[in-house]
Amino acid sequence: ELKVEQNPLFLSMQEGKNYTIYCNYSTTSDRLYWYRQDPGKSLESLFVLLSNGAVKQEGRLMASLDTKARLSTLHITAAVHDLSATYFCAVDMRGNTGKLIFGQGTTLQVKP
Amino acid sequence: DGGITQSPKYLFRKEGQNVTLSCEQNLNHDAMYWYRQDPGQGLRLIYYSQIVNDFQKGDIAEGYSVSREKKESFPLTVTSAQKNPTAFYLCASSYAARRANVLTFGAGSRLTVL
């Protein structure tokens, strides 16, 4: 059974600081996704990582994938208040079963 | 504009009642999904369907039922057998045959059992 674990689950940080969210998964997969959810809202896609060593960047967020370590990271550079949200990673089971398994989510609070 | 429409946005149910949540998409996506989200938790997969007239159970299918009679529609029924149905329900869809299974989500339906 595929398990996806994120840490930390809650992160409070000052504006301007850097931090990394980690996403570990338990079985072989080479497709990993990051989503953002604002309070009471739906999820929006941030990044799609489709191969070992993939790196994607958008503004102050950068995501990477290490399929051998079964690990993805979401790095936040010089955080700003607008980045406050809950971030989820999700993993596709190999073989394109269509079953996407989500981590528990990391709630990020950026303080002025 | 293309997207996913979930209704109702808020729903109250008495114990013992079945309720049906609607999910419609006009993105021409093949696959559709239902997830449940509880406060402070991640998303758990209830059911998913990759083609019309076919669907599979997710991790927490007990107490729920679905149908997929049309490509655009994937309604979820929360039955009285579901012991703790109060939650936020999210419907999603995607192209089934592409390398990247990027999900597009609806705005969600919040169900409260009175």
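Here the structure is a predicted model, which means the values were calculated and not measured.

Cut-off values and rules
Residues numbered from 1 in each chain as written. Chains lettered and ligands numbered in written order. Predicted model: local features only at pLDDT ≥ 70, side-chain atom pairs only at ≥ 80, totals over all residues. Heavy atoms only, no water. Helix = DSSP H or I, 4+ residues; strand = E, 2+ residues; numbered from the N terminus. Rg over C-alpha atoms; globule rule 2.2 N^0.38 Å. Buried < 20%, exposed > 50% of the residue type's maximum accessible area, 1.4 Å probe, protein only. Contact = heavy atoms within 4.5 Å. Areas by Shrake-Rupley, 256 points an atom, 1.4 Å probe, with all protein chains shown as cover. Pairing = 2+ DSSP bridges. Salt bridge = Lys/Arg side-chain N within 4 Å of Asp/Glu carboxyl O. Polar contact = N/O pair within 3.5 Å; in protein donor to acceptor, adjacent residues only side chain to side chain. Nonpolar A, V, L, I, M, F, W, Y, C, P; charged D, E, K, R; others polar. Axes fitted to C-alpha atoms, helices over the stretch in contact; angles between N-to-C directions.

Novice: What's the story with the overall build of chain B in this structure? I'm lost.
Specialist: Summing up its helical and strand segments, chain B has zero helices and eleven strands in all. Tracing chain B from N to C terminus, the helices and strands come up as β-β-β-β-β-β-β-β-β-β-β. At 13 Å, chain B has a C-alpha radius of gyration in line with the 13 Å of a compact globule built from 114 residues. Taken along the three principal axes of its C-alpha coordinates, chain B extends 40 × 25 × 25 Å. Per-residue burial for chain B yields a buried fraction of 50% across its 114 residues. Of the contacts formed within chain B by residues at least 6 apart in sequence, a portion of 53% connects residues at least 24 apart. Of the roughly 5600 Å² of accessible surface on chain B, 47% is carried by carbon and sulfur atoms.

Novice: Before we go on, may I ask you to explain the pairing of strand 11 (residues 106–111) of chain A in this structure?
Specialist: Within a regular beta strand, the side chains point alternately toward one face of the sheet and then the other, so they alternate between its two faces. Residue and element names in this part refer to chain A. Taking every second residue as pointing to the same face, the buried face of strand 11 carries T106, L108 and V110, while none of T107, Q109 and K111 on the other face is buried. As paired strands, strand 2 (residues 10–14) and strand 11 are joined by five bridges and run parallel to one another. Bridging across to strand 11, M13 finds its partner in V110. Bridge analysis of strand 9 (residues 85–92) against strand 11 gives three bridges, and the strand direction is antiparallel. For Y87, the partnering residue across the bridge sits in strand 11 and is T106.

Novice: Honestly, the interface of chain A and chain B in this entry has me stumped. Any pointers?
Specialist: By a widely used convention, the size of an interface equals the accessible area lost when the partners come together. Facing the 23 residues of chain A at the interface are 25 residues of chain B. Along the contact surface separating chain A from chain B lie zero salt bridges. Linking chain A with chain B are five residue pairs in polar contact (both at pLDDT 80 or more), by the criterion used here. Every element with two or more residues in the side of chain A that touches chain B is listed here: strand 4 (32–37), strand 5 (43–49), strand 9 and strand 10 (100–102) of chain A. Looking at the side of chain A that touches chain B residue by residue, the class counts come to nine nonpolar, nine polar and five charged.

Novice: Sorry, what's going on with the sheet that holds strand 7 (residues 61–66) of chain A here?
Specialist: Working definition: the strands of a sheet are paired by backbone hydrogen bonds and lie parallel or antiparallel to each other. All names here are of chain A. Taken together, the five strands give an open sheet; going across it, the order is 1-3-8-7-6, and neighbouring strands pair in antiparallel fashion. Edge positions in the sheet fall to strand 1 (4–7) and strand 6 (55–58), since each of these pairs with one other strand and no more. On average, adjacent strands in this sheet sit at an angle of 15° to one another, irrespective of strand direction. Examined bridge by bridge, strand 6 and strand 7 share four bridges and lie antiparallel to one another. Across the sheet, residue E58 finds its bridge partner in strand 7, namely L61.

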